[in-house]
Amino acid sequence: MNNRKRLCTVFFILLLFSQIGCSVASQSNQEQADKKAEPLNLGQLKSVCELATLECYYHNTAKSSTDKKVLFWNTNKKLWMEYSGIVKIGIDISRLDLDISGQVVTITLPEAKVISCKVDDASLSKDTFYTEQTGFGADQITAQDQTDAFAKAQQTMLEEAEKDESLLFQAQERARTLLLHYVKNIGNTIGVEYEVKWKTFKD
């Protein structure tokens, strides 16, 4: 009789833990389902912002000039480098934020900035470098001179892009427009008329 009571008690305890486990698992699955069912989330907005990134192509010339006195003569070496490069301008998606309160969607949108800047290696060849030495004993153009010119080219391209307010504004408005259309389309799909508000800040 006592053994039967023990077995019943053990069975009851196992059944209780089993029900608790099922309840927790069910709750966890429901939370995941609710998260997937969320019509608007920050991850989606970040993907939209990435699509808004502008790619700008530059073609320019970098120059370097070095004067040096050798004995009684003034010498000079010059280097010109023609290059093409790509600058990407867009939104830093790590600073993007989203707040939803009922039908009001508030998007925190950072100002557009230069995301990357790179000289196109394919645009460089021996024909893109021009050199000139004047004066007796003038130094030859070295590989370091070419490396320095390359670095200067990238820096110049970056500075020009950062000062181009027109491009920065265009990238900002492009991101804002795509985000607005995306939110409105999601709202139309689920039958909700979202009101979109904006917060903008500088880094």
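Placed above this text is the structure.
A short tour of the structure in this document, coming up.

Each value, and the rule that gives it
- Residues numbered from 1 in each chain as written.
- Predicted model: local features only at pLDDT ≥ 70, side-chain atom pairs only at ≥ 80, totals over all residues.
- Heavy atoms only, no water.
- Helix = DSSP H or I, 4+ residues; strand = E, 2+ residues; numbered from the N terminus.
- Buried < 20%, exposed > 50% of the residue type's maximum accessible area, 1.4 Å probe, protein only.
- Contact = heavy atoms within 4.5 Å.
- Areas by Shrake-Rupley, 256 points an atom, 1.4 Å probe, with all protein chains shown as cover.
- Expected span 1.5 Å × (residues − 1).
- Phe/Tyr/Trp six-rings, centres within 6.5 Å; stacked < 30°, edge-to-face > 60°.
- Lys NZ or Arg CZ within 6 Å of the ring centre and 35° of its normal.
- Core = buried A, V, L, I, M, F, W, Y, C linked by side-chain atoms within 4.5 Å.
- Pairing = 2+ DSSP bridges.
- Axes fitted to C-alpha atoms, helices over the stretch in contact; angles between N-to-C directions.
- Parallel < 35°, antiparallel > 145°, perpendicular 65-115°, else oblique.
- Left-handed = near helix turned anticlockwise from the far one by under 90°.
- Nonpolar A, V, L, I, M, F, W, Y, C, P; charged D, E, K, R; others polar.

A few points about the overall build of the protein
Move 1: Looking only at helices and strands, the protein has four helices and seven strands in total.
Move 2: The helix and strand sequence of the protein, counted from the amino end, reads α-α-β-β-β-β-β-β-α-α-β.
Move 3: Burial status across the protein gives 26% buried among its 203 residues.
Move 4: Long-range pairs, those at least 24 residues apart, make up 77% of the contacts in the protein between residues at least 6 apart in sequence.
Move 5: For the protein, the computed accessible surface area is about 13800 Å², with 53% contributed by carbon and sulfur atoms.

Some thoughts on helix 4 (residues 165-190)
Move 1: For helix 4, which comprises 26 residues, the first-to-last C-alpha distance of 38 Å matches the rise-based estimate of 38 Å (1.5 Å per residue) to within 8%.
Move 2: Those residues of helix 4 that sit buried are Leu167, Leu168, Ala171, Gln172, Ala175, Leu179, Val183, Ile186 and Gly187.
Move 3: Where helix 4 ends, the next residue or the one after it, Gly191, has phi of about 75 degrees, a positive value.

Quick look at the packing of aromatic side chains
Move 1: One pass over the structure, following the stated rule, counts zero aromatic pairs.
Move 2: Across the ring face of Trp198, the terminal group of Arg176 is positioned such that the distance to the ring centre comes to 4.9 Å.

Examining the nonpolar core
Across soluble globular proteins, nonpolar side chains show a tendency to be buried alongside one another.
Move 1: Among the nonpolar cores identified, the biggest contains 37 residues, and Val87, Ile89, Ile107 and Val183 are the most heavily contacted of them.
Move 2: Listed by contribution, the elements that provide at least two residues to this core are helix 2 (42-51), strand 1 (54-70), strand 2 (73-90), strand 4 (104-110), strand 5 (113-119), helix 3 (143-163) and helix 4.
Move 3: Tallying contributions element by element places helix 4 first for this core, with seven residues.
Move 4: Beyond its immediate stretch of four places on either side in the chain, Val87 contacts Leu54, Glu55, Cys56, Tyr58, Val114, Ser116, Cys117, Met157 and Ala161.

Section: the side chain of Thr106
Move 1: The residue Thr106 is located in strand 4 in this model.
Move 2: Among the residues examined, Thr106 registers a relative accessible area of 16% and is labelled buried.
Move 3: Every residue in contact with Thr106, bar those within four places of it in the chain, is listed here: Asp97, Leu98, Asp99, Lys197 and Lys199.

Concerning the side chain of Thr108
Move 1: You can see Thr108 is positioned in strand 4.
Move 2: Exposure remark for Thr108: the relative accessible area of 16% places this residue in the buried category.
Move 3: In contact with Thr108, other than residues within four places in its own chain, are Arg95, Leu96, Asp97, Lys199 and Phe201.

Details of the pairing of strand 3 (residues 97-101)
Move 1: Summarising the sheet, strand 3 and strand 4 pair through five bridges and their orientation is antiparallel. Looking at the pairing, Ser101 lines up with Val104 of strand 4.
Move 2: Taken together, strand 3 and the strand that follows it, strand 4, pair antiparallel across an intervening segment of two residues, in which Gly102 is found at a positive phi of about 65 degrees.

Some points on the sheet that holds strand 4
Move 1: Spatial strand order, 3-4-7: three strands in an open sheet with mixed pairing. The sheet is open, and its two borders are formed by strand 3 and strand 7 (195-201), each paired with just one other strand. Pairwise comparison of adjacent strand axes, ignoring direction, gives a mean angle of 20 degrees for this sheet.
Move 2: Where strand 4 meets strand 7, seven bridges bridge the pair, whose relative direction is parallel.

Quick notes on the packing of helix 2 against helix 4
Move 1: Close contact between helix 2 and helix 4 brings their axes to 9 Å; oriented N to C, the two are set at 140 degrees. What the angle tells us is that helix 2 and helix 4 run oblique. The handedness of the crossing between helix 2 and helix 4 is right-handed. Residues Gln44, Leu45, Val48, Cys49 and Leu51 of helix 2 lie in contact with helix 4, whose contacting residues are Arg174, Ala175, Leu178, Leu179, Tyr182 and Val183.
Move 2: For the contact of helix 2 with helix 4, the per-class residue count stands at nine nonpolar, one polar and one charged.

What is shown is where atoms sit, not what they do.
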